[in-house]
Amino acid sequence: MATSRVGVYPGTFNPFTLGHLAVAKAALDQRGLDRVHLAVSRVPLAKTGLVLPTFEHRVEALKLVAQDHDWLDVVVTDAQLLVDISVGYNLLIMGADKWHQIHEVRFYDDDPNQRDAAIAALPQVALAPRPPLEIPDHLDLEIAEEFADVSSTAVRNGRHDWMHPAI
């Protein structure tokens, strides 16, 4: 029996959007995965002041989404750093904005050597484009143009049509 290829897509998913689902499905299809795990950290890094919805509500909402997709699972982690969350996975899925953020030395005690070591320790990476941010072509996922601007922030600000229906 062949070993399953599993990707991890970390986030707060506040709320989960049609864009998140499109990114997860693109990674599944374009990177030869068997499953995608939506990973939610109990204490997300650099996300202060997140009170509502509660952590428990966000996890339950993600489980509602996952039950409609046999290739999608939800995992809860105490890890905060992507390098720790992605241990044991074949692929780390993230947006271009997160890709740029993980290159900021402030997350590594302002030590570029720590940053470079953490990034080197990541598994294979797949990135969802987020114009105008640039990303390496070989890491780019092809996402339908209709999802290019979809964001949780926009949903929280009233674009409820971008929220996943199960939420």
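Now for a quick tour of the structure. As the structure is a computational prediction, the values presented were derived from the model and not from experiment.

Observations concerning the overall build of the protein
- Helices and strands together make up the secondary structure of the protein, namely six helices and five strands.
- Along the protein, helices (α) and strands (β) appear in the sequence β-α-β-α-β-α-β-α-α-β-α when read from the amino end.
- In terms of principal-axis extent, the alpha carbons of the protein reach across some 45 × 45 × 30 Å.
- Long-range pairs, those at least 24 residues apart, make up 73% of the contacts in the protein between residues at least 6 apart in sequence.
- Taken as a whole, the protein presents about 9,200 Å² of accessible surface, with 51% of it coming from carbon and sulfur.
- Averaging the positions of the 14 positive and the 23 negative side-chain charges in the protein gives two centres separated by 4 Å.

Quick word on the sheet that holds strand β5 (residues 124–128)
- One open sheet holds the five strands; their spatial order is β3-β2-β1-β4-β5, and the pairing between them is parallel. The open sheet has two edge strands, β3 (72–77) and β5, and neither has a second partner. The sheet shows a mean angle of 30 degrees between the axes of neighbouring strands, taken without regard to direction.
- The pairing of strand β4 (residues 91–95) with β5 spans five bridges and is classified as parallel. Its bridge partner lying in β5, glycine 95 is registered against alanine 128.

A look at the nonpolar core
- Among the nonpolar cores identified, the biggest contains 25 residues, and Tyr9, Val36, Leu72 and Ile93 are the most heavily contacted of them.
- For this core, the elements supplying multiple residues, two or more each, are α1 (18–30), β2 (35–41), α2 (55–66), β3, β4 and β5.
- Beyond its immediate stretch of four places on either side in the chain, leucine 72 contacts Leu21, Ala24, Arg35, Val36, Leu38, Val65 and Ala66.
- Grouped together as the second largest cluster of nonpolar side chains are 22 residues, Val6, Met94, Tyr108 and Leu122 included.

Topic: the side chain of histidine 164
- By the element assignment, histidine 164 lies in the segment after α6 (152–156).
- For histidine 164, a relative accessible area of 8% gives the class buried.
- Separated by 3.0 Å, the side chain of histidine 164 and the backbone nitrogen of alanine 166 make a polar contact.
- Non-local contacts of histidine 164, meaning those with residues more than four positions away in its chain, are made with Phe16, Thr17, Leu18, Leu21, Val65 and His69.

What about the pairing of β2?
- Along β2, six of the seven residues are buried, which leaves the element largely enclosed by surrounding structure.
- With respect to chirality, the unit in which strand β1 (residues 6–10) leads through α1 into the neighbouring parallel β2 is right-handed.
- Bridge count for β2 against β3 is six bridges, and the pairing is parallel. By the bridge assignment, valine 36 is partnered in β3 with leucine 72.

Details of the packing of aromatic side chains
- Counted under the stated rule, the structure contains two aromatic pairs.
- Measuring from centroid to centroid gives 5.4 Å for tyrosine 9 and phenylalanine 13, while their planes differ by 90 degrees, and the two rings are edge-to-face. Grouping residues by exposure puts tyrosine 9 and phenylalanine 13 together as buried.
- Taken together, a centroid distance of 5.7 Å and an interplanar angle of 55 degrees make the contact between phenylalanine 13 and phenylalanine 16 tilted. The pair formed by phenylalanine 13 and phenylalanine 16 is uniform in burial state, with each residue classed as buried.
- Taken together, the ring pairs connect Tyr9, Phe13 and Phe16 into an aromatic cluster.

Calculation notes
- Residues numbered from 1 in each chain as written.
- Predicted model: local features only at pLDDT ≥ 70, side-chain atom pairs only at ≥ 80, totals over all residues.
- Heavy atoms only, no water.
- Helix = DSSP H or I, 4+ residues; strand = E, 2+ residues; numbered from the N terminus.
- Contact = heavy atoms within 4.5 Å.
- Areas by Shrake-Rupley, 256 points an atom, 1.4 Å probe, with all protein chains shown as cover.
- Lys, Arg positive; Asp, Glu negative; His and termini not counted.
- Charge placed at Lys NZ, Arg CZ, Asp CG, Glu CD.
- Pairing = 2+ DSSP bridges.
- Axes fitted to C-alpha atoms, helices over the stretch in contact; angles between N-to-C directions.
- Core = buried A, V, L, I, M, F, W, Y, C linked by side-chain atoms within 4.5 Å.
- Buried < 20%, exposed > 50% of the residue type's maximum accessible area, 1.4 Å probe, protein only.
- Polar contact = N/O pair within 3.5 Å; in protein donor to acceptor, adjacent residues only side chain to side chain.
- Right-handed = clockwise from strand over helix to strand, strands pointing away.
- Phe/Tyr/Trp six-rings, centres within 6.5 Å; stacked < 30°, edge-to-face > 60°.

This is a description of form; function is not addressed.
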